[in-house]
Amino acid sequence: MMDLSNAGSFDSIILLGIVNEKLRLECDSFEELVSMYEMDVEAVVGKLDMLGYNYDPLTNQFKSYQR
């Protein structure tokens, strides 16, 4: 299993790909992903927000939004 507990230190684009892949294949929600991998929610959400992405619970993925 990949160690995502320090996800805040990952490159933002790589983090986006990993998080969306895990959401697609393993987890039914962002909360489940965070719990399963003991992730720092604020670090992940903050990094992806800086890229212009936020979590969409309807599609269970981080999607880009208009700034």
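Presented here is an overview of the structure given in this document.

Here strand E1 (residues 53–56) pairs with strand E2 (residues 61–64) via 4 bridges, running antiparallel. The residue of E2 that forms the bridge with Tyr53 is Ser64. The antiparallel pairing of E1 with E2 creates a hairpin that spans 4 residues between the two strands, and Asn60 there sits at a positive phi of about 55°.

Structurally, Lys22 is set in helix H1 (residues 12–25). The residues touching Lys22, leaving out its near neighbours within four places in the chain, are Leu4, Cys27, Leu33 and Tyr37.

Quick look at the packing of H1 against helix H2 (residues 30–37) now. Two elements in contact, H1 and H2, have axes whose closest approach is 10 Å; the angle formed by their N-to-C orientations is 105°. Here H1 lies roughly perpendicular to H2, going by the angle between them. Contact residues: H1 offers Val19, Lys22 and Leu23, while H2 offers Phe30, Leu33 and Tyr37. By residue class, the composition of the contact of H1 with H2 is 5 nonpolar, no polar and 1 charged.

Looking now at the side chain of Asp56. You can see Asp56 is positioned in strand E1. Using a relative accessible area of 19% as the deciding quantity, one classes Asp56 as buried.

Moving on to the nonpolar core. If you look at the biggest cluster of nonpolar residues, it comprises 18 residues, and the most contacted ones within it are Val19, Leu33, Met39, Val44 and Phe62. Contributions of two or more residues to this core are made by H1, H2 and helix H3 (41–51). With sequence-adjacent residues up to four places away left out, Val19 is seen in contact with Leu33, Met39, Val44 and Phe62.

It is worth spelling out unusual backbone geometry at this point. With a phi close to 50°, Glu38 is a non-glycine residue in the positive phi region. The topology assignment puts Glu38 in the loop between H2 and H3. Judged by its relative accessible area of 65%, Glu38 falls in the exposed class.

The rules behind these values
- Residues numbered from 1 in each chain as written.
- Predicted model: local features only at pLDDT ≥ 70, side-chain atom pairs only at ≥ 80, totals over all residues.
- Heavy atoms only, no water.
- Pairing = 2+ DSSP bridges.
- Helix = DSSP H or I, 4+ residues; strand = E, 2+ residues; numbered from the N terminus.
- Contact = heavy atoms within 4.5 Å.
- Axes fitted to C-alpha atoms, helices over the stretch in contact; angles between N-to-C directions.
- Parallel < 35°, antiparallel > 145°, perpendicular 65-115°, else oblique.
- Nonpolar A, V, L, I, M, F, W, Y, C, P; charged D, E, K, R; others polar.
- Buried < 20%, exposed > 50% of the residue type's maximum accessible area, 1.4 Å probe, protein only.
- Core = buried A, V, L, I, M, F, W, Y, C linked by side-chain atoms within 4.5 Å.

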